[in-house]
Amino acid sequence: MGEFRVILIDADSVWRKNVKAMLTKSGHWVVGEAGDGLSAIKLVRGRQPDLLIIDTSLPGGMDGLQVAKIMHEDKLAPVIATSATGRHGILERAKEARVSALFIKPVEETILLPAVELAMANYQEISALEKKIKELQETLETRKAVERAKGILMETQGLTEAEAFKRMQRQSMNKRVSIRLVAEAVIMAHTLNK
């Protein structure tokens, strides 16, 4: 079991106290508590928790699922949502907000703690996959730029493909910049000279 930094958001302070006791007993840290959505956003941005546990119904104009959606879009932390009722449409809204789990109160320790572990494991896996995708996209964009720049150098300078690549590579090392920047400079210069 990991030790996670958690923020609890619920208008019911007794509920927060009970959940905090469950979490701290398991080695987690509750690093913030609030009773409304706006405070939730401020706390999350300020304290950067690993997890947010939030009630779907909050006073103050911003409900828990709106906060959860912001959390997902800004990639701040995973969210476990709770609700006093299983009212119509709550599951669909929770899916849209990308919450990791939705519980109907009261939430028991035997249900909450495994959900915390699963939410964190899934979030970390998704984050790692998103990072890998970004790296692969960067590699692909670099390759495209280098190939295009090589083509330009081959056409305008009469170089072979290997000579064009070596020239860009040498320039990259001499200027201490990435080969992608050199390739983009070659492309830009060619575009301006047309």
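It should be noted that the structure appears before, not after, this text.
Here's a quick rundown of the structure. Everything numeric in this text was worked out from a predicted model, so none of it was measured. (Residues numbered from 1 in each chain as written. Predicted model: local features only at pLDDT ≥ 70, side-chain atom pairs only at ≥ 80, totals over all residues. Heavy atoms only, no water.)

### Considerations on the pairing of strand β2 (residues 29-34)
Applicable threshold: Two strands form a pair only when DSSP identifies at least two bridges running between them. Secondary structure elements are defined from DSSP: runs of H or I of at least 4 residues count as helices, runs of E of at least 2 residues count as strands, and each element is numbered from the N terminus. Viewed with both strands pointing away, a crossover whose connecting path from the first strand over the helix to the second turns clockwise is right-handed.
Where strand β1 (residues 5-9) and β2 come together, 5 bridges link them in parallel fashion. From the neighbouring strand, I7 faces β2, where its bridge partner is G32. For the crossover that starts at β1, traverses helix α1 (residues 13-25) and ends in the parallel β2, the hand is right-handed.

### With respect to the environment of A40
How we decide: Contact between two residues is taken to exist if any of their heavy atoms lie within 4.5 Å; hydrogens are not considered.
Examined against the element boundaries, A40 turns out to sit in helix α2 (residues 37-47). Residues A40 and I152, 112 residues apart in the sequence, show an inter-C-alpha distance of 53 Å. In this structure A40 touches I9, A34, I54 and V67, once residues within four positions along its chain are discounted.

### Comments concerning the sheet that holds strand β3 (residues 51-55)
This is how the line gets drawn: Lines fitted to the C-alpha atoms define the axes, with helices restricted to the stretch that makes contact. Angles between their N-to-C directions range from 0 to 180 degrees.
Here 5 strands make up an open sheet; going across it, the order is β2-β1-β3-β4-β5 and the pairing parallel. If you trace the sheet from one side to the other, it starts and ends with β2 and β5 (101-104), each paired once. If you compare each strand with its neighbour and ignore which way they point, the axes differ by 20° on average. Pairing between strand β4 (residues 79-83) and β5: 4 bridges, direction parallel. Within the sheet, the bridge partner assigned to A81 lies in β5 and is L102. Its contacts with the sheet put helix α3 (residues 64-73) on β3 and β4, and the angle it makes with β3 is roughly 160°. In the packing of helix α5 (residues 109-157) onto the sheet, contacts are made with β3, β4 and β5, and the angle to β3 comes to roughly 130°.

### Topic: the packing of helix α6 (residues 161-175) against helix α7 (residues 179-192)
Going by this rule: Working rule for handedness: look at the near helix, and if it is turned counterclockwise from the far one by less than a right angle, call the crossing left-handed; if clockwise, right-handed.
Relative to each other, α6 and α7 sit at 115°, their axes nearing to 8 Å. Where α6 crosses over α7, the two elements pack in a sense that is right-handed. Facing α6, whose interface residues are F165, M168, Q169, Q171 and S172, α7 presents I179, V182 and A183.

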